[in-house]
Every structure is written in structure tokens, then in C-alpha cells.
Amino acid sequence: MARGGRGAAAAAGAAAAAAAAVRGRGALLLARAASKVGRDGGGLLSKRKSLGEAVERLAKAVDEGRDGLASWLVSGGEEVVIDVEALRPPPNHREPYDVIIVGAGASGVGMGLMLTRVFNLDPKRVLIIERGEKVGESFRRWPREMRFISPSFNNQGWTASFDLNSVAYQTSPAYTLQSAHPTGGEYAHYLEQLADSGELNIRYGTQVTDVQPVRNRGFKVDIAPAKPEGAEDWAVDQAEATTLRSRYVIWAAGEFQYPRKETPPFPGSELCRHNSSVRSWKDLPGDDFVVIGGYESGMDAVYNLTQCGKRCTVASSTAFWNVTTDDPSTMLSPYTLDRVRQAFRTAATPPRLLAPLRVLGVEKEQSGGGYIVRTQWGAPVKHPGGEHRTPIHEEDADMEETGEEGTEVELRTPQPPLLCTGFGGSIALGPAKDLFEWGEKGSGCLAGSPLLNDFDESTKTPGLFLAGPAVQHENLSFCFVYKFRQRFAIVADAISQGLGHDTEQTVQKCKEMNMYLTVFSCCKGACGETC
Ligand SMILES: Cc1cc2nc3c(=O)[nH]c(=O)nc-3n(C[C@H](O)[C@H](O)[C@H](O)COP(=O)(O)OP(=O)(O)OC[C@H]3O[C@@H](n4cnc5c(N)ncnc54)[C@H](O)[C@@H]3O)c2cc1C
């Protein structure tokens, strides 16, 4: 009940709604979070005001918007706290949960906060299921030396956008972690802080094994204790399995834990080691490696192996280090290129970058226990580089080796070749695969991607939403945090409306936060080979 709210309610006619709503831990929480970043949530948080004035503004806020940011603690000699629960419509369905989110990574945590702290869904009715023992399990599994390629900088307030790696407005990994390119472990720490302070409802050590739509509406979500990391022949112990029910499901299980084993398929790929299984390049036994794949993961391996004094040879079907496109998701990041140059110029044994070289197969050596990677040189490809791309790194041309088209080359390595060919992803390789329609196989960005409507909802299974790097629209891939976070509010809006919430004001707030992207005409890069 109100702590001193009575006199205040009398002070402003419109304050009745506010005065009736005076409890709620979530309110206190947001107040603390907002004061931490130096903002006052509308001017009420940090300044002492007369109670009458404060409540008047409070009541106005209630009138104007039901967004989570209206959860204010007012200090004016007496305290008044808006009870966000009183602003929620009662459940309009019979399921015990409004939403189950699969996965507590960047997408799951960001979605959870968007739903509960911005769109004001009841946190008890939004459950996140996470197979790891903490949030950010994929990031904890990154090789110790791997870092974010997208830079973090706390630029909120001075620019239209904010820290590229933030999953929630008014937060910044650069600020929290004091790092421009955080490691996976550091980033997991940032996510953990957000999940804790947002009091997200997360069930850990639990794996979603199946999702089934229920005929009328809603979902059954089968869960079981998580598969131990690395276990191959793991089966669900039926005695410990159980089924939850929810009105909506958001699939946010990511990609990293679902590596692509064969792209392109070649015999012997099972003899290779996928880069996602490497915990530390330094601790990886051996000192002479063949890396298959020359994109971000491959180049990260190259840099880190050479930093540890290990040799490496890259076989790549494309010379990605020469490619320029207008989308930063489809070319090597400047951060990676800088590191590869550094490796090439400073390592005792510079890496060998071979392209275009296609892998035909991998075999074990008859004797000696090593591996043979059979490859073939492809047709030379000219990468024009783009009109405005100034070739100031003249030495880059020396980095790569090319060969005569059609010629076969055998690369030998004592260690299993490192497969850096990307990720199949949790939708294609997980239990929800059949709940999505899929783009035609072939080339183009939408080829083989899950088909979504305008709200990132499966075109095949209403009520099942997708969040994270697998989201694609109009040939645009939302594979970076700064891209996919701008779809959280679209999903939250669709779900909140389905639950009977009035979302108009909240959507407006999200647009002001740069967290509500529906018009894609702006999503073009600056320059590429095309400009
Ligand atoms: C190697 C790599 C580097 C990247 N670098 C960058 C970068 O620098 N900048 C950038 O913006 N983006 C980057 N990305 C893209 C993107 O930011 C990451 O993929 C990010 O992890 C996506 O977040 P997510 O929450 O969707 O997936 P994840 O972080 O993978 O989270 C998924 C969560 O779901 C859990 N889970 C999985 N399956 C189940 C299940 N069946 N039941 C229960 N829980 C489950 C996992 O344990 C995990 O915690 C990178 C991606 C990769 C793969």
C-alpha cells in the first residue's frame, strides 16, 4: 500500500490512478537503473520535489503512457511508487505463462527486458529457459582469446543510436566492461548484470527439447535437464522431463552452439575440429594448423594461433580479405583486418592465406597420424574494391597466395584441420525446425532461412517468434546485435497487443530509443564494390 501516497492523491485530481498504485519492486529497480546511468527518468528520480508537483507529473505519466519507463520512485519527503502491476490488463488466456523464451543469450536477455521492463508484461509470466548454468552460455564457450568484432563505445545521448553491442537502451558494454572489444566471458558478465538487475525469470540447466503448438492457441514446451556439454549420445531422461504451457514462444537459442559441420560438404569433414569447440587457442595442442574457411571465425583463429607462435595455413574458397560490400555483415570487419595485417607483418611465422582454394576432402595419413587436406585452386576472382576504397595498405596484396586454376594441392597437418565454416543455427538444427517455413535453397540472402512475417513470427506457426541473428527480411540479415536488437520491440509489441495491452505510447518510446525498426530502406551501407 501507499507509503505516504494519500495526501498526494488529494493534491492532484488526476493522481487517483497513481495513488492507487503504490508498490512494486520493479519500479524501484528501474529507478535505480536509471539513476545509475545519470538520467532521471523524466526528472523525478534524482531531484527532491514537492509531493504535489511530483504526483501531478506522475499522474500525467500514467495518463500518457503505460511503458515500463513510467516506473518511478518519487522522493519528496514521502515516497510514492507507481505500481506497474495495476497498469496491466488481467491475463486474457488460461496458460500459466504469457511467453516462454528459449535461450538466455543476447537475444533472450534483450527480449526478456523488452517484454517486462519496457512493455510491462508480468515478469512472473515471462519465463526464460536456458540450458547453461548462467546467462550468456554461448559467450562463455567462445575461445578465451576471441573478442567482439563490433566496437563498443558509450555514445548514447550524443548520437541517434547507442553502444553497438548493447541489448537494452541505457546500457553499454563499453561502460560496464571498460573494453571496446570485449571477450565472450566479459560480454556474458554484462548480460548477467542486466538479467540480475532486471530480475528476469530464468530457469537454468534446462533444455527445451520440443515445442508443439496447441490446436486452439498456445504452446506445449517440453523441457529436460540440459545435455552435458560435448555429450554425443545423450538422451532425455523421461523421468526428469516435463512439459510447460505458454501462450507465446520466442525462439532465441542462437547459432554458436549449433555448428555447421559440412559446408560445402566434403568427405572427411568429420575428421576436422569445429572452431566452436576450441576453448583456448593457446591451450590447443600442436603448433602447425590448417584452417578451412577464411571468414571471421577463420581469421580470428589465424590471428590467435599466430599470437601463440603457432603456424597456420588457411584454405578459403573466397579471398574475404579482399571483399568489400555495402553491408558490414558480409565482409571482414576492420578490427579483424587490422589483426590479420598485424599477424602477417609481425608474427615470427606469418600465416599463409590461400584463395580461391576449395577443399575436396580430408583424409588421415597412412602413417604418422597426421591429416591430408586435398584442395583445388579455383578461377581467379577480381575484387574491384569500390570507388572510394583507398588502397592505403599496399602490402595487403602480398598476404595472399594464389595458384593455377584446376591444380590440386595437398596440405598436411599433424592436428585435425580446423573447420571455420560457420554455424547451422539452432532453428535448422534444433527441435523447432518444422515449425518454420524455409526459403528456397540456393543463392541469395533468404536462401535457406526461416520465413517470418512482419512481426518476426513464423509464417507457419502463429504465436512462435524468432529473435536473434537468424532474423532476415528483404535480403537483409540481422546478424549483429545492433541489428537484431531493433526487432525486439516489434516482437514485444505484437505479443503485448495479443495479450490485450495498449502499446501505442510504448512503441513511440521505443522509436525514440532507436529500438523499433520497421522501414528497411535506411538499412543500406555507405559504400562497397557497387558504389
Ligand atoms: C563466433 C561469433 C562471433 C560473433 N561476433 C559478433 C560481434 O562481434 N558483434 C555482434 O554484434 N554479433 C556477433 N555475433 C553474432 C551475434 O551477436 C551472436 O551470435 C549472439 O550470440 C547472438 O545471440 P543469441 O542470444 O541469439 O544467441 P546465443 O548467444 O547463442 O544464445 C543462445 C542461448 O540459448 C541457449 N540454448 C540453445 N539451445 C537451447 C535449448 N534447446 N534449450 C535451452 N537453451 C538453449 C544457449 O545456451 C545460449 O545461452 C557473433 C556470432 C558468432 C557465432
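To start, this report covers the structure provided alongside it.

Another aspect to go through is the site of the ligand. Taken together, 34 residues lie around the ligand, and Gly 103, Gly 105, Ser 138, Gly 254 and Gly 468 are the ones closest in. Residue assignment for the shell around the ligand shows that the elements contributing at least two residues are helix 5 (106-118), helix 6 (137-141) and strand 6 (206-213). Tallying contributions element by element places helix 5 first for the shell around the ligand, with three residues. Residue composition of the shell around the ligand, grouped by class: 15 nonpolar, 15 polar and four charged.

Residues Thr 506, Val 507, Lys 509 and Cys 510 constitute the buried set of helix 14 (residues 504-512). What you see down the axis of helix 14 is that its buried residues fit within an arc of 155°, all on one side. The inward-facing, buried residues of helix 14 contact helix 5 and helix 13 (488-498). Just beyond helix 14, the residue with positive phi is Asn 514, at close to 70°.

Attention now goes to the sheet that holds strand 16 (residues 408-413). Spatial ordering of the open sheet is given by 13-14-16, a layout of three strands whose pairing is antiparallel. Since the sheet does not close on itself, it has two edges, and those belong to strand 13 (357-364) and strand 16, each with one partner. Averaged over all pairs of adjacent strands, the angle between their axes in this sheet comes to 25°, without regard to strand direction. Across six bridges, strand 14 (residues 371-377) lies against strand 16 in antiparallel orientation. What sits directly across from Val 373, in strand 16, is Leu 411.

Conventions and cut-offs
- Residues numbered from 1 in each chain as written.
- Predicted model: local features only at pLDDT ≥ 70, side-chain atom pairs only at ≥ 80, totals over all residues.
- Near = placed C-beta within 6 Å.
- Helix = DSSP H or I, 4+ residues; strand = E, 2+ residues; numbered from the N terminus.
- Nonpolar A, V, L, I, M, F, W, Y, C, P; charged D, E, K, R; others polar.
- Buried ≥ 20, exposed ≤ 12 C-beta atoms within 10 Å, placed from the backbone.
- Arc of directions from axis to C-beta.
- Contact = placed C-beta atoms within 7 Å.
- Pairing = 2+ DSSP bridges.
- Axes fitted to C-alpha atoms, helices over the stretch in contact; angles between N-to-C directions.

Scope: geometric values only; no functional claims are made or implied.
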